[in-house]
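Observations on the model geometry
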Amino acid sequence: MIGYYAHHHGVGHITRSDAIARSMGEPMTVLSSRARPAAHAATEWISLPLDVDDSVEGDAAEDSSAGGMLHWAPHDVDGLTERMAIIAEWVARERPRAVVVDVSVEVAMFLRLMGVRVIVMAIPGGAG
C-alpha cells in the first residue's frame, strides 16, 4: 500500500496522483482536501479538512512559518489539527510502505517523524 498526499490547489497534483495510481501494481490511497474526481484510479480516498482559517491573525499569523522553517503551520487552526490527526490515524491503521507527498513540507516532515518512507514532489525555487 502506497499513500499519496495531493495538495488541493489546482488540478495538477490530483492529475499526477491519478496517472501514478493507474501505473501501479498495488493499492494507492490518496489523502487530499480536494474532492475525488469520479474516474480517479486510487483504491481509497481520504478527505482531509482544509488547514486554513480566515481568523488566523496576530501572533498566530505572524508565526505561521515557525520562524521561517515551515511554509504553513499556524497556531490554533482546527482544520490543521484535524488534518494531521486523520493522517496519523491512517498511518497507524494501514502502515503504508511509503507516501508520496505532492507539495507539503509539513506533511512530509510529519510522516517522516512517524517513521514512514516519504517521496517528496517539490516545487523548484521558492523562498530561502
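Conventions used here
- Residues numbered from 1 in each chain as written.
- Predicted model: local features only at pLDDT ≥ 70, side-chain atom pairs only at ≥ 80, totals over all residues.
- Heavy atoms only, no water.
- Helix = DSSP H or I, 4+ residues; strand = E, 2+ residues; numbered from the N terminus.
- Buried < 20%, exposed > 50% of the residue type's maximum accessible area, 1.4 Å probe, protein only.
- Contact = heavy atoms within 4.5 Å.
- Areas by Shrake-Rupley, 256 points an atom, 1.4 Å probe, with all protein chains shown as cover.
- Axes fitted to C-alpha atoms, helices over the stretch in contact; angles between N-to-C directions.
- Left-handed = near helix turned anticlockwise from the far one by under 90°.
- Nonpolar A, V, L, I, M, F, W, Y, C, P; charged D, E, K, R; others polar.
- Pairing = 2+ DSSP bridges.

1. Considering the overall build of the protein
- Along its length, the protein carries four helices and five strands.
- Written out in order from the N terminus, the α and β elements of the protein read β-α-β-β-α-α-β-α-β.
- The buried share of the protein, reckoned over its 128 residues, is 37%.
- Pairs at least 24 apart in sequence give 47% of the contacts found in the protein among residues at least 6 apart.
- A total accessible area of about 7,400 Å² is found for the protein, and carbon and sulfur atoms account for 56% of it.

2. Topic: the packing of helix α3 (residues 78–94) against helix α4 (residues 105–113)
- Close contact between α3 and α4 brings their axes to 11 Å; oriented N to C, the two are set at 35 degrees. In this structure, α3 meets α4 at a crossing whose hand is right-handed. Packed against α3, whose contacting residues are Met84, Ile87, Ala88 and Val91, the element α4 presents Glu106, Val107, Phe110 and Leu111 at the interface.
- Grouping the constituent residues of the contact of α3 with α4 by class yields seven nonpolar, no polar and one charged.

3. Points about unusual backbone geometry
- Phi at Arg95 is positive, roughly 50 degrees, even though this residue is not glycine.
- Within the element layout of this structure, Arg95 appears in the loop between α3 and β4 (98–102).
- A relative accessible area of 62% places Arg95 in the exposed class.
- Positioned with a positive phi, Val103 is a non-glycine residue whose angle comes to about 75 degrees.

4. Thoughts on the sheet that holds strand β5 (residues 118–121)
- As summarised here, the arrangement of the five strands in space is β3-β2-β1-β4-β5, forming an open sheet in which the pairing is parallel. Here the strands that pair on one side only, and so sit at the sheet edges, are β3 (44–47) and β5. Neighbour-to-neighbour, the strand axes of the sheet open up by a mean angle of 20 degrees, direction not taken into account.
- Where strand β1 (residues 2–6) and β4 come together, five bridges link them in parallel fashion. Across the sheet, residue Ala6 finds its bridge partner in β4, namely Asp102.
- Each of β1, β2 (28–32), β3 and β4 is contacted by α3, which is oriented at about 150 degrees to β3, the strand it contacts most.

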